[in-house]
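Notes for the structure review
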Amino acid sequence: MEKKVLLGVDEITLVILPLYGIEILKWEEYAENIILNFITSAEIETIFDSKLEESTIKRLSGYNLNYNLGITDYYFCIAYNTGNPNMGVCVKFSAKAWAIYQARYQKLYNKQLLLSSFLKKIDDNTEDEVRLSRIDLTADYINYGLDLNILNESISSNEIIVQDDSGQTR
């Protein structure tokens with residue numbers, strides 16, 4: 001059997017920030033416009049076939065106004081803090097939400113949607129700053145005969161060392 005390593009994107013979080021300072025009294029209206037612009041350019045309601053609604057559960061930490069797509073088996077949220085424009089508007093896709101979004105996009109448009117294309121589309125349709133604040137990557141080792149129990153034991157006993165980009169061990 002052929003050995004393969006499949007790399008992918010799991011969970012992602014974006015933050016959309018005003019390029020210029022916004023007065024606190026104008027922030028809510030500005031944030032709502034950011035959200036409207038995002039859901040329009042990303043076609044969120046079309047692709048997910050659901051309407052954005054205010055959420056009182058599964059809120060993003062630090063953000064007091066949260067929107068989601070109703071009761072789903074995945075997590076998608078857009079949020080902002082009404083009293084802090086410096087936090088911007090946060091958009092979070094769980095791994096499942098991102099996978100569903102990509103699959104439905106491909107079905108609608110008959111082409112694969114890469115994260116880079118998605119981010120460019122969002123950035124091209126806003127005057128605000130779009131930041132990718134979190135990305136969880138995946139690496140699936142196919143036909144390598146890896147035993148996860150042995151791998152975990154090897155990491156725990158320091159036979160295998162996991163480091164971040166600065167050399168810190170985890």
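In this text, all values refer to a predicted model and were calculated from it rather than measured experimentally. (Residues numbered from 1 in each chain as written. Predicted model: local features only at pLDDT ≥ 70, side-chain atom pairs only at ≥ 80, totals over all residues. Heavy atoms only, no water.)

**What about the overall build of the protein?**
- Looking only at helices and strands, the protein has 5 helices and 6 strands in total.
- Starting at the N terminus and ending at the C terminus, the protein contains elements arranged as β-α-α-β-β-β-β-α-α-β-α.
- For the C-alpha atoms alone, the extent of the protein along its principal axes is close to 55 × 40 × 30 Å.
- Long-range pairs, those at least 24 residues apart, make up 60% of the contacts in the protein between residues at least 6 apart in sequence.
- The averaged location of the 25 negative side-chain charges in the protein is 4 Å from the averaged location of its 16 positive side-chain charges. (Helix = DSSP H or I, 4+ residues; strand = E, 2+ residues; numbered from the N terminus. Contact = heavy atoms within 4.5 Å. Lys, Arg positive; Asp, Glu negative; His and termini not counted. Charge placed at Lys NZ, Arg CZ, Asp CG, Glu CD.)

**Brief notes about the packing of aromatic side chains**
- Going through the model one piece at a time under the given rule, you end up with 16 aromatic pairs.
- With a centroid separation of 4.9 Å and an interplanar angle of 65 degrees, the aromatic rings of Phe76 and Phe93 are classed as edge-to-face. Of this pair, Phe76 sits in strand E4 (residues 76-80) while Phe93 sits in strand E5 (residues 89-93), and the two are 17 residues apart along the sequence. For the pair Phe76 and Phe93, a shared accessibility class is recorded, and that class is buried.
- For Phe93, a relative accessible area of 0% gives the class buried.
- Members of the aromatic cluster, joined through ring pairs, are Phe38, Phe48, Tyr74, Phe76, Phe93, Trp98, Tyr101 and Phe118. (Phe/Tyr/Trp six-rings, centres within 6.5 Å; stacked < 30°, edge-to-face > 60°. Buried < 20%, exposed > 50% of the residue type's maximum accessible area, 1.4 Å probe, protein only.)

**So, empty space enclosed by the protein**
- Overall, the coordinates contain 1 cavity of 30 Å³ or more when judged by the stated rule.
- Lining the largest cavity are Ile16, Ile34, Asn37, Phe38, Ile122, Thr126 and Asp128.
- If you tally residues by element for the lining of the largest cavity, the top one is helix H1 (residues 24-41), at 3 residues.
- Within the lining of the largest cavity, the residues separate by chemical class into 4 nonpolar, 2 polar and 1 charged. (1 Å grid on protein atoms, 1.4 Å probe; cavity = no way out; pocket = protein on both sides within 12 Å on 5 of 7 lines; lining within 4 Å. Points joined across faces, edges and corners; volume = space filled by probe spheres on them. Nonpolar A, V, L, I, M, F, W, Y, C, P; charged D, E, K, R; others polar.)

**Some thoughts on the nonpolar core**
- In terms of nonpolar packing, the biggest core is built from 35 residues, with Phe38, Ile44, Phe48, Phe76, Phe93, Tyr101 and Phe118 touching the most fellow members.
- Elements with a contribution of two residues or more to this core: strand E1 (4-17), H1, helix H2 (44-48), strand E3 (65-68), E4, E5, helix H3 (95-109) and helix H4 (115-124).
- In this view, Phe48 contacts Leu69, Tyr74, Phe76, Phe93, Ala97, Ile100, Tyr101 and Arg104; residues no more than four positions away in its chain are not counted.
- Counting 6 residues, the second-largest nonpolar core is a separate cluster that includes Leu60, Tyr63, Cys77 and Cys90. (Core = buried A, V, L, I, M, F, W, Y, C linked by side-chain atoms within 4.5 Å.)

**Digging into the layout of surface pockets**
- Taken as a whole, the largest pocket holds about 200 Å³ of empty space.
- In this structure, the largest pocket is lined by 14 residues; those nearest its centre are Ile57, Lys58, Asn68, Gly70 and Ile71.
- Residue contributions to the lining of the largest pocket peak at 3 residues, all from strand E2 (residues 53-55).
- A class-by-class count of the residues in the lining of the largest pocket yields 6 nonpolar, 5 polar and 3 charged.

**Focus on the pairing of E5**
- The buried fraction of E5 is high, at 5 of 5 residues.
- Neither face of E5 is open: one carries Val89, Val91 and Phe93, the other Cys90 and Lys92, and all of them are buried.
- Note that E1 and E5 share 5 bridges and pair antiparallel. What sits directly across from Leu14, in E5, is Val91. (Pairing = 2+ DSSP bridges.)

**Observations regarding the confidence of the model for the protein**
- Averaged over the protein, the pLDDT score is 92; the fraction of residues at 70 or greater is 99%.
- Ranking the elements of the protein by mean pLDDT puts helix H5 (residues 148-156) last with 87 and E5 first with 97. (pLDDT = per-residue confidence, 0-100.)

**Some thoughts on unusual backbone geometry**
- At Lys58, a residue that is not glycine, the phi angle is positive and equals roughly 50 degrees.
- As for its position among the elements, Lys58 is in the loop between E2 and E3.
- Given a relative accessible area of 56%, Lys58 falls into the exposed group.
- For Asn110, which is not glycine, the phi dihedral falls at a positive 55 degrees.
- Here Asn110 lies in the loop between H3 and H4.

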